Amino acid sequence: MSEPEDDFIAQSEEARSGLVGEFFAFLRDNKKWWLAPIIISIVGLGLLVMLGGTAAAPFIYTLF
């Protein structure tokens with residue numbers, strides 16, 4: 001077998017990682033660490049919006 005096929009087979013036999021693992025691998029491989037605070041902020045804001053419509057809303061509003 002040729003070299004690219006060996007690499008492909010080796011990668012296909014590795015354990016699959018989740019979305020978060022893929023994201024951190026992307027950040028590490030592409031040196032894009034500046035994206036991490038942006039993504040964390042967007043996820044945090046999304047959680048606040050989602051929790052704002054639940055019974056936890058009065059407790060969230062007291063934080064601000």
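As a reminder, the structure under discussion sits directly above these lines.
Note that the coordinates shown come from a computational prediction; the quantities given were computed from them, not determined experimentally.

Engineer: Explanation requested: the overall build of the chain in the structure shown.
Structural biologist: Scanning the chain from terminus to terminus reveals 4 helices and 0 strands. For 64 residues, the compact-globule formula gives about 11 Å, and the C-alpha radius of gyration of the chain, at 20 Å, lies well above that figure. Total accessible area on the chain stands at roughly 5,800 Å², and carbon and sulfur atoms take up 69% of it.

Engineer: Whenever I open this one, a nonpolar patch on the surface confuses me. Can you help?
Structural biologist: Together, W34, I38, I39, I42, V43, L47 and M50 make up an exposed nonpolar region whose accessible area comes to about 730 Å². Position of I42 relative to the elements: it lies in helix 3 (residues 35-52).

Engineer: When you look at a negative patch on the surface in this model, what are you seeing that I'm missing?
Structural biologist: Negative charge collects at one region of the surface, where E3, E5, D6, D7 and E14 lie side by side. Following the sequence through the fold, D6 ends up in helix 1 (residues 3-12).

Engineer: Is there a simple way to think about the pattern of salt bridges in this case?
Structural biologist: Under the definition given, this model contains 1 salt bridge. The shortest N-O distance in the salt bridge between D29 and R28 comes to 3.8 Å.

Engineer: Is there a simple way to explain the environment of F24 in this structure?
Structural biologist: Counting through the fold element by element, F24 comes out in helix 2 (residues 19-30). For F24, a relative accessible area of 41% corresponds to the partly exposed category. Each C-alpha atom of the pair F24 and G46 lies 20 Å from the other, and the pair is 22 residues apart in sequence.

Criteria and thresholds
- Residues numbered from 1 in each chain as written.
- Predicted model: local features only at pLDDT ≥ 70, side-chain atom pairs only at ≥ 80, totals over all residues.
- Heavy atoms only, no water.
- Helix = DSSP H or I, 4+ residues; strand = E, 2+ residues; numbered from the N terminus.
- Rg over C-alpha atoms; globule rule 2.2 N^0.38 Å.
- Areas by Shrake-Rupley, 256 points an atom, 1.4 Å probe, with all protein chains shown as cover.
- Patch = residues over 30% accessible without salt bridge, like charges linked within 9 Å, V, L, I, M, F, W, Y side chains within 5 Å.
- Salt bridge = Lys/Arg side-chain N within 4 Å of Asp/Glu carboxyl O.
- Lys, Arg positive; Asp, Glu negative; His and termini not counted.
- Charge placed at Lys NZ, Arg CZ, Asp CG, Glu CD.
- Buried < 20%, exposed > 50% of the residue type's maximum accessible area, 1.4 Å probe, protein only.

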